[in-house]
There are 2 protein chains.
Amino acid sequence: MDSQQKFLRVSEEAKDMFLPHLSTDSVVFGFDQSELKVLLIQMTYLKQWLLPGGYVKKDEDIDDAAKRVLKERAGVSDVYLEEFGVFGKNKRSEVYFKDFEDSLWHKQRFVTVGYYALYNPDNGKLIVDEFSDKCEWVYLSQLPEIELAMDHREIIEKALLTLRERLTYKPIGYNLLPEKFTLSELQKLYETILGTKLNRGNFYRRIKNLGILKKLDEQRRGGAHKSPDLYSFDEQVYKKALENGLSNW
Amino acid sequence: MDSQQKFLRVSEEAKDMFLPHLSTDSVVFGFDQSELKVLLIQMTYLKQWLLPGGYVKKDEDIDDAAKRVLKERAGVSDVYLEEFGVFGKNKRSEVYFKDFEDSLWHKQRFVTVGYYALYNPDNGKLIVDEFSDKCEWVYLSQLPEIELAMDHREIIEKALLTLRERLTYKPIGYNLLPEKFTLSELQKLYETILGTKLNRGNFYRRIKNLGILKKLDEQRRGGAHKSPDLYSFDEQVYKKALENGLSNW
């Protein structure tokens, strides 16, 4: 069945199953060799690349929809998705299905809710769904070379900015580290996400000032250098601080 | 016309004019006597309090819808609204119109997009629209005493948390200060939003470390004490830093 016929086949079914006008798109970031990459799908129709996105069932919480869609379209589950923005400009999505009649359910106006996640690419195998040719990790540095559909480039950029902003005050990315980590491992993670080298002294001072790290009574053994202290992340302290007003100001 | 008849009258018109299933709600924070307050509407129907919210026209950008709704329902314009969250649980809104037939347009499932703003209550006069009895500023400290509709209490709480988080890294709230301000005026603003007293030395050091303030070659004259230095906010520096990676880490 060619790619256009597939959409015609599911159009009526989609109308019964999903809320109109609402979609979700997920920006899943992964790490590899100190570089950030993002999970993308190449659709068979038009051959453009897209974020793994889809629709919201009529009785489904929107957060659950984002999770389900990511699993169905990319095989990624067990991931903490955080909503970061709504993309609701008129005409942002309608143009994508230009080869179809207006009666195609998918061709209506969609306001999409963006979610992002940090995911360890080693965690599981990706799948390719029936509408797609590929589902792959693409380095952020390679994005300028590929054709992204609709406003998906803008969605990725907003997700990256949000991630960088939240990194400065939120427990983000710790799931990519072992439970116990050294400050130098944490610095490497921050440098990769922020896309910049950090001054070691400033970083150590600021990350400690956040007050969300617990220094453990253990060191990392086995290296050539002095064994560095191990830390873990104290989520309770963070949550409490936020609720009570951020007293570390 | 009683309050129920009003909804019946506009139900058909709403169906033609607006996207189904999508609404916006705005949490507008104001300052008064060092306390935070929020702009609320008391609807005639049910007499519960709600955020100024409404629907999205079929060809309207969603950000524009939020602005229009706030103007139509509360008379507030010239305000910078920032999206902060999507509230999309199934059944969150359907229960509100329980006295009506399911055919009422307003009774369908709505996913709402939350916006917040900081607004100077002295800026303009509030209006009361045809569906409401009141439109007023309510102190956050008074919220436990009033009946808020649907999940609007949760929406306000999420807005406040977001505001507090963003305050730590973003140029927020500066529109509530004069263009030139002293660090002690800025500290007062932060204390009000964070709901906590701040250590003066720590605050000065951290706010300067953010690198988004410009020290002016002027002092505030006229007080009993030593004339304090004036500052202004440098938005360019902030934007550049964010795009290049937050090098102040």
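Per an unreviewed UniProt entry, the recorded name for chain A is NUDIX domain-containing protein, and the organism is Chryseobacterium aquaticum.

Turning our eyes to something else, we now look at the overall build of chain A. Scanning chain A from terminus to terminus reveals six helices and nine strands. On the principal axes, the C-alpha backbone points of chain A span a range of 65 × 40 × 25 Å. Across the 249 residues of chain A, 57% fall into the buried class. The contacts of chain A with a sequence gap of at least 6 include a subset with a gap of at least 24, amounting to 71%.

What follows covers the environment of A:Asp59. Residue placement: A:Asp59 occurs in the loop between strand S4 (53-57) and helix H2 (62-74). Under the relative-accessibility criterion, A:Asp59 is labelled exposed at 57%. Sequence spacing of A:Asp59 and A:Leu19 is 40 residues, and the spatial spacing of their C-alpha atoms is 8.6 Å. In contact with A:Asp59, other than residues within four places in its own chain, are B:Asn90 and B:Arg109.

To continue, consider the interface of chain B and chain A. In this complex, chain B contributes 48 residues to the contact, which on the side of chain A involves 48 residues. Summed over both partners, the interface of chain B with chain A buries about 4,000 Å², with 60% contributed by carbon and sulfur atoms. Taken together, the links from chain B to chain A amount to zero salt bridges. Secondary-structure elements contributing two or more residues to the side of chain B that touches chain A are strand S1 (18-32), strand S4 (53-57), strand S5 (82-87), strand S6 (111-118), helix H3 (152-167), helix H4 (183-194), helix H5 (200-209) and helix H6 (235-243) of chain B. Counting residues per element, the side of chain B that touches chain A draws most heavily on H5(B), at six residues. Here the residues of the side of chain B that touches chain A are counted per class, giving 22 nonpolar, twelve polar and 14 charged.

What follows is about the domain arrangement of chain A. Put simply, an interface is often sized by how much accessible area is lost when its parts join up. Residues and elements named next belong to chain A. In terms of domain boundaries, chain A breaks down into domain 1 (3-155) and domain 2 (174-243). Computed from C-alpha coordinates alone, the two centres of domain 1 and domain 2 are separated by 33 Å. Facing seven residues of domain 1, the contacting portion of domain 2 comprises six residues. When domain 1 packs against domain 2, the two sides together hide about 580 Å² of surface, and 73% of this comes from carbon and sulfur. For domain 1, the biggest contributors to the area lost against domain 2 are Phe-31, Ser-34 and Leu-118; these three give 72% of the whole. Run the count over domain 1 and domain 2 and you get zero salt bridges. Counting every contact that joins domain 1 to domain 2 gives zero residue pairs in polar contact (both at pLDDT 80 or more). Across the side of domain 1 that touches domain 2, the residue classes break down as four nonpolar, two polar and one charged.

Glancing now at the relation of the copies chain B and chain A. Take chain B, turn it by 180 degrees, move it 0.0 Å along the axis, and it overlays chain A with an RMSD of 0.0 Å. Interpreted geometrically, this transformation is the action of a two-fold axis. A shared binding surface is used by both copies, with 100% of the interface residues of chain B retained as interface residues in chain A.

What follows covers the pattern of salt bridges. Inspection of every chain in the model, using the stated rule, returns 24 salt bridges over all chains. Here A:Glu72 ties to A:Arg68 by a salt bridge, and the two come within 3.2 Å at their closest N and O atoms. With A:Glu72 and A:Arg68 both in helix H2 and four residues apart, the pair spans about one turn of that helix. Residue classification places A:Arg68 among the buried residues on the basis of a relative accessible area of 15%. As a salt-bridge pair, B:Asp129 and B:Arg73 come within 2.8 Å of each other at their nearest N and O atoms. Of the two residues, B:Asp129 sits in the loop between S6 and strand S7 (132-139) while B:Arg73 sits in helix H2 (residues 62-74), which places them 56 residues apart along the sequence. Accessibility classification places B:Asp129 together with B:Arg73 in one group, the buried group. Connected through shared salt-bridge partners, A:Glu60, A:Arg68 and A:Glu72 make up one network.

Another aspect to go through is the pairing of strand S9 (residues 229-233) of chain B. All names here are of chain B. Burial runs high along S9: four of the five residues are buried. Summarising the sheet, strand S8 (residues 213-219) and S9 pair through four bridges and their orientation is antiparallel. The partner of Gln-219 across the bridge, within S9, is Asp-229.

Further remarks concern H2(A). All names here are of chain A. A rise of 1.5 Å per residue sets the reference length of H2, with its 13 residues, at 18 Å; its end C-alpha atoms lie 18 Å apart and thus fit the reference within 8%. For H2, the full list of buried residues reads Ile-62, Ala-65, Ala-66, Arg-68, Val-69, Leu-70, Arg-73 and Ala-74. Phi turns positive, to about 80 degrees, at Gly-75, one or two residues after H2.

This next bit is on the packing of H3(B) against H4(B). All names here are of chain B. Between H3 and H4, whose axes approach to 9 Å, the crossing angle comes to 145 degrees. As for how H3 packs across H4, the hand of that crossing is left-handed. For the pair H3 and H4, contact is made by Leu-160, Leu-163, Arg-164 and Leu-167 and by Tyr-190, Ile-193 and Leu-194, respectively.

On to the side chain of A:Ser232. Residue and element names in this part refer to chain A. Within the secondary structure, Ser-232 sits in strand S9 (residues 229-233). Residue classification places Ser-232 among the buried positions, given a relative accessible area of 9%. If near-sequence neighbours (up to four positions away) are discounted, Ser-232 is found in contact with Glu-179, Phe-181, Ile-212, Leu-213, Lys-214 and Leu-216.

Right, let's get into unusual backbone geometry. A positive phi angle is found at A:Lys91, which is not glycine, with a value near 75 degrees. Tracing the sequence through the fold places A:Lys91 in the loop between strand S5 (82-87) and strand S6 (111-118). The phi dihedral of B:Asp78 is positive, around 55 degrees, even though this residue is not glycine. Looking at the secondary structure, you find B:Asp78 in the loop between H2 and S5. Overall, the relative accessible area of 79% leaves B:Asp78 in the exposed class.

About the cut-offs
Residues numbered from 1 in each chain as written. Chains lettered and ligands numbered in written order. Predicted model: local features only at pLDDT ≥ 70, side-chain atom pairs only at ≥ 80, totals over all residues. Heavy atoms only, no water. Helix = DSSP H or I, 4+ residues; strand = E, 2+ residues; numbered from the N terminus. Buried < 20%, exposed > 50% of the residue type's maximum accessible area, 1.4 Å probe, protein only. Contact = heavy atoms within 4.5 Å. Buried area = accessible area lost by both parts, 1.4 Å probe. Salt bridge = Lys/Arg side-chain N within 4 Å of Asp/Glu carboxyl O. Nonpolar A, V, L, I, M, F, W, Y, C, P; charged D, E, K, R; others polar. Domains from an automatic or database assignment. Polar contact = N/O pair within 3.5 Å; in protein donor to acceptor, adjacent residues only side chain to side chain. Least-squares fit on C-alpha atoms with pLDDT ≥ 70 in both. Pairing = 2+ DSSP bridges. Expected span 1.5 Å × (residues − 1). Axes fitted to C-alpha atoms, helices over the stretch in contact; angles between N-to-C directions. Left-handed = near helix turned anticlockwise from the far one by under 90°.

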